[in-house]
Amino acid sequence: MRTQIAVIDYGSQYSQLIVRRLRGLGYFAKLYLPGHWDDLDRPAAVVLSGGPARVNDPGAPDVDFDRLQSIGCPVLGVCYGMQLLNRKFGGTVAHCGDREYGPVTMDVQRPDALLKNLPAQSTIWMSHSDSVAELPAACQVLAVNPRGTPVAVRWNERFFGIQFHPEVSHTEYGTEILRNFLELCGEAPAFTMDRFKEQLIAETRGQIAGRKVVCAVSGGVDSTVLAMLLKETGADIHPIFVDNGLLRRDEGDEVVAQFGRLGLGIDRVNATDHFLGRLAGITDPEEKRRRIGDEFIDVFFRHAGQIELLAQGTLYPDVIESATSGSKASRIKTHHNRVDRILELQAEGRLLEPLAELFKDEVRELGAALNIPHDMLHRHPFPGPGLAVRVIGEITPARLEVCRAADAIFIGELKRSGWYDKVWQAGTALLPVRTVGVKGDERTYEEAVSLRAVTSVDAMTADWVPLPAEVLARVSKDILNRVPGINRVLYDVSTKPPAGIEWE
Ligand code: XMP
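Residues numbered from 1 in each chain as written. Predicted model: local features only at pLDDT ≥ 70, side-chain atom pairs only at ≥ 80, totals over all residues. Heavy atoms only, no water.

### Quick look at the domain arrangement of the protein
For step 1, the next point in the chain: When its domains are assigned, the protein resolves into domain 1 (5-183), domain 2 (193-377) and domain 3 (387-491).
For step 2, the next point in the chain: Taking only C-alpha atoms, the centre of domain 1 and the centre of domain 3 are 47 Å apart. (Domains from an automatic or database assignment.)

### Comments concerning the layout of surface pockets
For step 1, the next point in the chain: As a volume, the second largest pocket reaches approximately 470 Å³.
For step 2, the next point in the chain: Forming the walls of the second largest pocket are 20 residues, and the residues nearest its centre are Glu254, Arg379, Ile411, Lys415 and Tyr420.
For step 3, the next point in the chain: Every element with two or more residues in the lining of the second largest pocket is listed here: helix 7 (251-261), helix 13 (374-377) and helix 14 (397-416).
For step 4, the next point in the chain: With five residues, the top contributor of residues to the lining of the second largest pocket is helix 14.
For step 5, the next point in the chain: The residue inventory of the lining of the second largest pocket, partitioned by class, reads four nonpolar, five polar and eleven charged.
For step 6, the next point in the chain: Residues lining the lining of the second largest pocket come from more than one domain, with at least three contributed by each of domain 2 (193-377) and domain 3 (387-491). (1 Å grid on protein atoms, 1.4 Å probe; cavity = no way out; pocket = protein on both sides within 12 Å on 5 of 7 lines; lining within 4 Å. Points joined across faces, edges and corners; volume = space filled by probe spheres on them. Helix = DSSP H or I, 4+ residues; strand = E, 2+ residues; numbered from the N terminus. Nonpolar A, V, L, I, M, F, W, Y, C, P; charged D, E, K, R; others polar.)

### Here we look at unusual backbone geometry
With the exception of glycine, most residues fall at negative phi, and the peptide bonds are largely trans.
For step 1, the next point in the chain: Of note, the amide linkage connecting Lys496 to Pro497 takes the cis form, showing an omega dihedral of -10°.
For step 2, the next point in the chain: Mapped onto the secondary structure, Pro497 falls in the segment after strand 18 (486-491).
For step 3, the next point in the chain: In the segment running from Pro497 into Pro498, the intervening peptide bond is cis, with an omega of 5°.
For step 4, the next point in the chain: With a phi close to 70°, Asn117 is a non-glycine residue in the positive phi region.

### Quick look at the pattern of salt bridges
For step 1, the next point in the chain: Scanning the model with the defined rule gives 33 salt bridges in all.
For step 2, the next point in the chain: Close ionic contact of Arg20 with Asp361 constitutes a salt bridge, the shortest N to O distance being 3.0 Å. Of this pair, Arg20 sits in helix 1 (residues 15-24) while Asp361 sits in helix 12 (residues 360-369), placing them 341 residues apart in sequence.
For step 3, the next point in the chain: Residue Arg20 is classed as partly exposed on the basis of its relative accessible area, which comes to 29%.
For step 4, the next point in the chain: The closest approach of N and O atoms between Asp130 and Arg54, which form a salt bridge, is 2.7 Å. Of this pair, Asp130 sits in strand 6 (residues 121-132) while Arg54 sits in the loop between strand 3 (45-48) and helix 2 (65-71), placing them 76 residues apart in sequence.
For step 5, the next point in the chain: By relative accessible area, Asp130 is classed as buried at 6%.
For step 6, the next point in the chain: On the basis of relative accessibility, which here comes to 32%, the residue Arg54 falls in the partly exposed class. (Salt bridge = Lys/Arg side-chain N within 4 Å of Asp/Glu carboxyl O. Buried < 20%, exposed > 50% of the residue type's maximum accessible area, 1.4 Å probe, protein only.)

### Quick notes on the side chain of Arg404
For step 1, the next point in the chain: Mapped onto the elements, Arg404 comes out in helix 14.
For step 2, the next point in the chain: A relative accessible area of 13% places Arg404 in the buried class.
For step 3, the next point in the chain: Residues contacting Arg404, with those up to four places away along its chain left out, are Gly245, Leu246, Leu247, Arg248, Arg249 and Leu387. (Contact = heavy atoms within 4.5 Å.)

### Quick notes on the sheet that holds strand 14 (residues 351-352)
For step 1, the next point in the chain: The strand order 12-11-10-13-14 describes an open sheet built from five strands, whose pairing is parallel. The sheet is open, and its two edges are formed by strand 12 (267-270) and strand 14, each paired on a single side.
For step 2, the next point in the chain: Two elements, strand 10 (residues 213-216) and strand 13 (residues 309-311), share three bridges in a ladder whose sense is parallel. Bridging from a neighbouring strand, Val213 pairs with Leu309 of strand 13. (Pairing = 2+ DSSP bridges.)

And the structure:
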């Protein structure tokens, strides 16, 4: 789809959020790295994001100002972007003493199209330590903070700057400001999921070019949407489901049945023995992940045979993270969609990633547009390494079964009580500690399970869910009565950070 709004990414933690907000307003926006927007064709507007660098430092990221001016579209500089533009127009930028972080009151000084429909005062969200100092003669100050520092300026007909973040929800009129800016671009909103879907199907069909497509499916949202999208192109597809034996109870059968209902036959490969063999005696979390990832690649490629074209459900956040490594938080977990064999296919033009321009919530929207049922699109996320990262310590068939049994009781109760859809992710971890208890007249010395239910937006942060005591009581009673080997049930009340959502 043609990029309507280009967001030049100077590395702010909020850059992706700008893109999401602009898409939410109906404009197809994409991130570009400074100096890497050669392929950008006639955007209707450009936004320069914030970032951690300081414009006065040697080597600070720059912008091709001549090109920016020659495009002839409206330009909005946000935070770092504003400071950069001020220098380009001949003004200066200085350190503003204390770092200004958090909510601040903005006073509108002058009516302007950018601040249309805003009250005289409103709350804005700041996060900066430099700000504009001298302004070029023609520059108009549109709004100031309580210190009198300009927080919104206009250099000329088309160039605007704001020192605050309109994309974060704490900026009271952030969406209005972005909408006002977009109105200046003279183009109507063109981004709807139905339109995007039609274009994506056509583009993907073109890329497939009659080749047979192999893809891995897990039953998760991304791979399900991917498979359905491929089906819509009319291509000859071979969806492979590697059952690693680390799934929840009955999950493998459910995945096969679900795809059946969607009219997609999937090729299930039962590789439980291979995976459990590789995991025997391993307790280190990263080593577990590495072995599971390697085994997955081995099983998948062995089963797929000669591949004409491989499709993967890589999403936009993954793409940006790998392209701008250094500007984002370093990756904590090992990822497997860029292993050598996949890179080789990519180099040969045999890798297809049709979801690579979409955020997670947009993948769900696309799934709905493809008529995938709600419950398939709103399943809780489940980690690739499955229960291996929830069975703490050594993984044995017996311990997996205990974890599975307790998990099935917990998830079943969440569904029955209506809590499943209210939590973002839930699961059960089996802990490698044995504690003393009593069952009947017998002393027991058995393991414990810990239940976890969290809310989250993007898995970067998470909060534990205060489930009602009666729900927890039912789960606890059922597990203690029905799962052999468990004599203690705990509820995890840790936020992320510092705790991970998973135990390992
Ligand atoms: P953490 O434990 O890092 O989990 O707070 C954040 C989210 O990522 C999922 N997760 C994984 N997903 N492979 C995956 O595909 C992994 O190795 C992995 N580790 C964690 C986790 O379930 C949560 O949703």
